[in-house]
Number of protein chains: 2
Amino acid sequence: MTHHIEFQPAGKTVEVEDGTPIIRAARRAGLYINASCGGTGVCGKCRILLESGTVAEGISEKFSPEDIAKGIRQACTAKVTENVVVRIIDASGLKKGQLGTEVPERHQAGKHTFDINEFREAGIFTPPVEKFFLELPRPDAIDHRSDASRVILAMREQYEERHIQIGLSVLRRLRRTIREDDFRITTTLARPVNNDSRSRLTHIQSGNWSKRNYGLAVDVGTTTVYGQLLDKNSGKILAEGGGYNNQISYGEDVISRMIYAEKDDGLTHMHDLVTESINEIITRLLKKQRVARDEISSITLAGNTAMTHLLLELEPHNIRRAPYVPVSNFYPPIRAVDIGLNLADHATALIYPAVSSYVGGDIVAGVMGSGMYRTEKITLFIDIGTNAEIVIGNREWLASAACSAGPAFEGGGILHGMRAAAGAIEDFSIDSETLEPMSMTIDSKPARGICGSGLLVMIADLFEAGVLDQRGRFIRDREHPRLREGRSGMEYVVVWEEESGIEQDLVLTEVDIDNFIRAKGAIYAGIQTLLTEVGLTVGDLEQVILAGGFGSYIDLDSAVTVGLLPEMDIGKMMYVGNGSLMGCRMSELSNHIRRDVVAAIQRMTGFELSEVPAYRDQYVASLFLPHTDTTLFPETERRRQARAG
Amino acid sequence: MTHHIEFQPAGKTVEVEDGTPIIRAARRAGLYINASCGGTGVCGKCRILLESGTVAEGISEKFSPEDIAKGIRQACTAKVTENVVVRIIDASGLKKGQLGTEVPERHQAGKHTFDINEFREAGIFTPPVEKFFLELPRPDAIDHRSDASRVILAMREQYEERHIQIGLSVLRRLRRTIREDDFRITTTLARPVNNDSRSRLTHIQSGNWSKRNYGLAVDVGTTTVYGQLLDKNSGKILAEGGGYNNQISYGEDVISRMIYAEKDDGLTHMHDLVTESINEIITRLLKKQRVARDEISSITLAGNTAMTHLLLELEPHNIRRAPYVPVSNFYPPIRAVDIGLNLADHATALIYPAVSSYVGGDIVAGVMGSGMYRTEKITLFIDIGTNAEIVIGNREWLASAACSAGPAFEGGGILHGMRAAAGAIEDFSIDSETLEPMSMTIDSKPARGICGSGLLVMIADLFEAGVLDQRGRFIRDREHPRLREGRSGMEYVVVWEEESGIEQDLVLTEVDIDNFIRAKGAIYAGIQTLLTEVGLTVGDLEQVILAGGFGSYIDLDSAVTVGLLPEMDIGKMMYVGNGSLMGCRMSELSNHIRRDVVAAIQRMTGFELSEVPAYRDQYVASLFLPHTDTTLFPETERRRQARAG
């Protein structure tokens, strides 16, 4: 259910979901409301007046009964329950006329989704591992075929499945199983990735079990492992859930885990930790849907190259050493039990192939999951994390590269940086006149830090409001208590100690901004360099796909304003969420996709940015807001000039 | 070294190997010498006179010094050491003029051999599992290929080997192994049977081990297991040897083992016994040649369908029950350790496929080993044992059938029947006048029984000499101490108690002869029926290949005389020895042969004789010596008439 909120005196109306706080509605409308405490109801500055309609909550103990009766509420805690007209009033010492100051609107990318019906219609809804019910003809004096031939020929006659090989373990149970329910059996068939190989019959059951046809899709992330339980008949996600990758206690980044893996038994230990994490999720998903463990016939997993090596117990030593050589980028189909997964002996594990040490199976899965591999549009696919992986191309060709952004987007190297958890400032706007902030925290908890997407919005807004210059320095010509000299240069006080969830002022320093600029510069330079390498410019891009947690939820305008993403029509940008997981799901449901993966990798050229001389120059040129070359960001420049006046 | 022996008064000369007993040379020449004790030197009747030259041994304590000085010797113990002229003298109460009576000559088939050079010249000397030495390019700033790609591409560039997949266990050791000897490695590649699949890299070693490239060929027989250690570079047999199949303590025939396999743990026990037998032989062969266990990269095994099931631990239950359905006729390549063979984890076991429950991998291997599958000649391939398997056809088409001969050829159902071991009468001739025998035993030991090939010659000779009639009954019109009424009808005393190695007369009974006739009749009827089914007659056969121990060493004339084999030019008959083992060796050395096996089976039609109505009639007609229809055996009939005079 949605409601309309009209803001006065600006005269703007937005439509929001039931339960949305007024302050977030204002932010959406591009209207500034002072909220220096982070939207937690502490500072009491975000007063509004209800002109018509009512809201839930929003009442502060600081308000008199008369104010409350008049319709005064706190914008940060008041929640929309019906259509309402709201007046933004001076409750924070602003001059008249400043009320309802316009701030930049926020734009999230539209979500790319994947519809199994498309597969069905295209005739490619053919899971790589699938169950078939067979009623076999009984042997008699004329029909002496062996049990195995009987099954193989029935698969051909009843399902047009050819070139089937039966492994020893199934052969050993074949005679008995066939006769247990009068020649009615259910087979599990594992198809080869290409038609140049044989299908394997991995499992056999007596009777008809073809309705119980389940698979798993698992994204093996450095931080979290996320899985989905899939019904391979309907294509539906029956359950999903995630948890930490237990390796995390040996270091948050992948490098420290690779180092640990070089110790005695270190590799085995890393392997055990990640499989333990996956097994925990599998157990949870199975329990939720009362699916038996041996009803899972396949699992598709994707991770970055290092993570995949640790999962398969392959030595990752040379991934982190020049010239960065993995053991393998392709992994054969294996028995899930052979990599320590707690599934039945017959379950097949399919591992997403990688492009290189730094463009892994997770990115390849994202390219598949986002549909980039089959679009005609020239697309920029980007997964932003400590490392940002960039893929440019379309159905004809693909080019990939990875650049090291550092941990700034995850809160690393930022004085008050933190993960996107409760109390993290995730949205921000500044009144360019008063320099007072409008901050919002996750779950409206007292501010404890700034998460990656909050940092992006904050720096973009400070820059656009003229509080930061192109080099990321605070302006020196304004006297304001929030702008001050700190221990490491100038800093801006985002939340005062008494309004924060920490026992100190929550600040943004110039060192933080430097670290941020280096991170965004590395990524932008990567995009530019890769574009140049393939002979294109930003203007040629017809689509941008953002993947990963950070990329999916960032404010696109801010990302362009700081020069993280190239300036282009943000209507062409979309996000895919966990693209790796989506790719795994697609592969679990369509063997054609598995085939396409190989084809996509074969047409993907990997670039090693450190070996492209132009990258360094691009990087240096990108260490500005938004860029040294402002002609690349004409609209950003125009807006900044307009707002800064 | 060979010598010439001239026999007088017959005036015949034969060429024999150094050390051949005189009596065997006489037999070869088709000359009768009384040797009623079986050629052991006991009866002292086989006296000869050396007219020129000398021999080794041959002196009996019964001889006077004068006789010895004159040149009197025992033909059974005297051995040829130089050219010699020998006179056969009356030393057994024969009438003059009977000396040097002509008896039928003996003809063994020529041996079919297999020459690896033919493979080399035909470009098909490509073992299914082979080693390759690679010098890999080192990774550098430009060459970032993964370790796996590096190996795969080097295989392509250096050896034109394509479509290679690397399994998890090799991937896990790849990084380390490649770098242990500076990017010099030896790979072991297992090729698929068809080009429609991928090759698997099963093993990797650092350094150059390509010269140590070994395989095993093993015939898994019901009675004996026989193996060869092969050098896959030269194609040579480095060592060979056999031993009993340890299952034998659970019954000599395959049926009793299948019955045992249906008990609790019976299958596992049968499996363990046969693999134990194979493992014993493997250990012996490896020791002999100082080949390390993990230097064996593959083993090819063949056996009949029941034996193959027990080896692979597949349930044989329906092989022995109508309608005789095996679990499978084709077996995937497997890890040798997965069937309990004591070889390295990486060793691949290749199992010869079967045609049906009763035409097994051993026969298919024989068809391959004998070259039948690629000859233009219309060929009869026959492996005679308790079951006789018959294949008729050529490179264009093949038809197979099996018939149950019973154990007569292995000594079963014969009062004094025994295996072909020391003391078994293996050759025999009778003087049609005196009815005195000329017997020879294996190793010239006192006679203990009659082995299959001895029985054949004995019955053929008795028949040709007119001592047996067409129905296999002894003539009743001659009074002779050796011809008498025994406990089960008439019998012929082959060796008297005092000259035998058993404490009784060694006899051949009419019941024995009946059993023999039923066995040979079943086989002849099988040949005739199969010929009729494919629209041919005996006259169309251009070649006969005899396989197996019994088939290989029988006297061809005798086999035709009794009507076991069809009457035809015996120059067209050859033997292949252990065809199953030869087929295994060929497959171990040529993947093309493996491919041809599949093609051969696909063009092989299996006939179930029990379901061909004509078979019963053919069988009844064959229960005569040689056959009811003597026009099928005109030459035999002519000779018999001539000899019986």
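Whatever comes next refers back to the structure up there.
Now for a description of the structure that goes with this document. Predicted model only: the values in this text are computed from it and were never measured. (Residues numbered from 1 in each chain as written. Chains lettered and ligands numbered in written order. Predicted model: local features only at pLDDT ≥ 70, side-chain atom pairs only at ≥ 80, totals over all residues. Heavy atoms only, no water.)

**Observations regarding the overall build of chain A**
The test is simple: A run of DSSP states H or I qualifies as a helix once it reaches four residues; a run of E qualifies as a strand once it reaches two. Both are numbered from the N-terminal end. To get the radius of gyration, use the C-alpha atoms; to get the globule rule, take the number of residues to the power 0.38 and multiply by 2.2 Å. Burial here depends on accessible area, computed with a 1.4 Å probe over protein chains only, as a share of the maximum for the residue type. Under 20% is buried, over 50% is exposed, and the range in between is partly exposed. The criterion used for residue contact is that any of the two residues' heavy atoms lie within 4.5 Å. Each accessible area is a Shrake-Rupley result for a 1.4 Å probe, and residues are judged covered by the shown protein chains and nothing else. Asp and Glu count as negative and Lys and Arg as positive, but His and the ends of the chain are not part of the count. Charged side chains are reduced to one point each, which is NZ for Lys, CZ for Arg, CG for Asp and CD for Glu.
A count of helices and strands for chain A gives 17 helices and 30 strands. At 28 Å, chain A has a C-alpha radius of gyration in line with the 26 Å of a compact globule built from 645 residues. Structurally, chain A occupies a C-alpha span of about 100 × 60 × 45 Å along its principal axes. Considering chain A as a whole, with its 645 residues, one finds that 60% of them fall into the buried category. Counting only contacts in chain A whose residues sit at least 6 apart along the sequence, the fraction spanning at least 24 positions is 67%. For chain A, the accessible area works out to roughly 24,300 Å², and carbon and sulfur atoms hold 47% of it. Between the mean site of the 70 positive side-chain charges and the mean site of the 87 negative ones, chain A shows a separation of 5 Å.

**Overview of the layout of surface pockets**
One simple way to see leftover space: roll a probe sized like a water molecule over the atoms. Residue and element names in this part refer to chain B. To keep things clear, this is the line we draw: The pocket and cavity definitions rest on a 1 Å grid over protein atoms only: a 1.4 Å probe that fits but cannot leave marks a cavity, an open set with protein on both sides within 12 Å along at least five of seven lines marks a pocket, and residues lining either have an atom within 4 Å of a point. Grid points are joined across faces, edges and corners, and a volume is the space filled by probe spheres set on the points. Source of the domain bounds: an automatic or database domain assignment.
Roughly 310 Å³ of internal volume is contained in the second largest pocket. Taken together, 15 residues line the second largest pocket, and the ones lying closest to its centre are Glu161, Arg162, Pro192, Asn195 and Ser199. In terms of residue count, helix 15 (residues 591-602) provides more of the lining of the second largest pocket than any other element does, three residues in total. Formed jointly, the lining of the second largest pocket draws a minimum of three residues from each of two domains, domain 2 (128-206) and domain 4 (364-404 + 522-644).

**Considering the pairing of strand 12 (residues 199-206) of chain B**
Residues and elements named next belong to chain B. Put simply, the test is: What makes two strands pair is DSSP finding at least two bridges between them.
Of all eight residues in strand 12, seven are buried; the element is thus mostly enclosed. In terms of strand pairing, strand 10 (residues 164-166) meets strand 12 through three bridges, oriented parallel. Bridge pairing in strand 12 places Ile166 opposite Leu201. Inspection of the sheet shows strand 11 (residues 184-190) paired to strand 12 by six bridges, in the antiparallel sense. Looking at the pairing, Thr186 lines up with Gln205 of strand 12.

**Side note on the sheet that holds strand 12 (residues 199-206) of chain A**
All names here are of chain A. Rules: Only the contacting stretch of a helix is used when fitting its axis, a line to C-alpha atoms as for every element, and angles between N-to-C directions run 0 to 180 degrees.
One open sheet holds the four strands; their spatial order is 9-11-12-10, and the pairing between them is mixed. Two strands in the sheet have a free side with no partner beyond their single neighbour: strand 9 (129-135) and strand 10 (164-166). Each strand of the sheet is rotated relative to its neighbour by a mean of 40°, with strand direction disregarded. Relative to strand 9, helix 4 (residues 147-159) is tilted by about 100°, and along the sheet it contacts strand 9, strand 10, strand 11 (184-190) and strand 12. Sheet strands in contact with helix 5 (residues 168-180) are strand 10, strand 11 and strand 12, and its direction is about 35° off that of strand 12.

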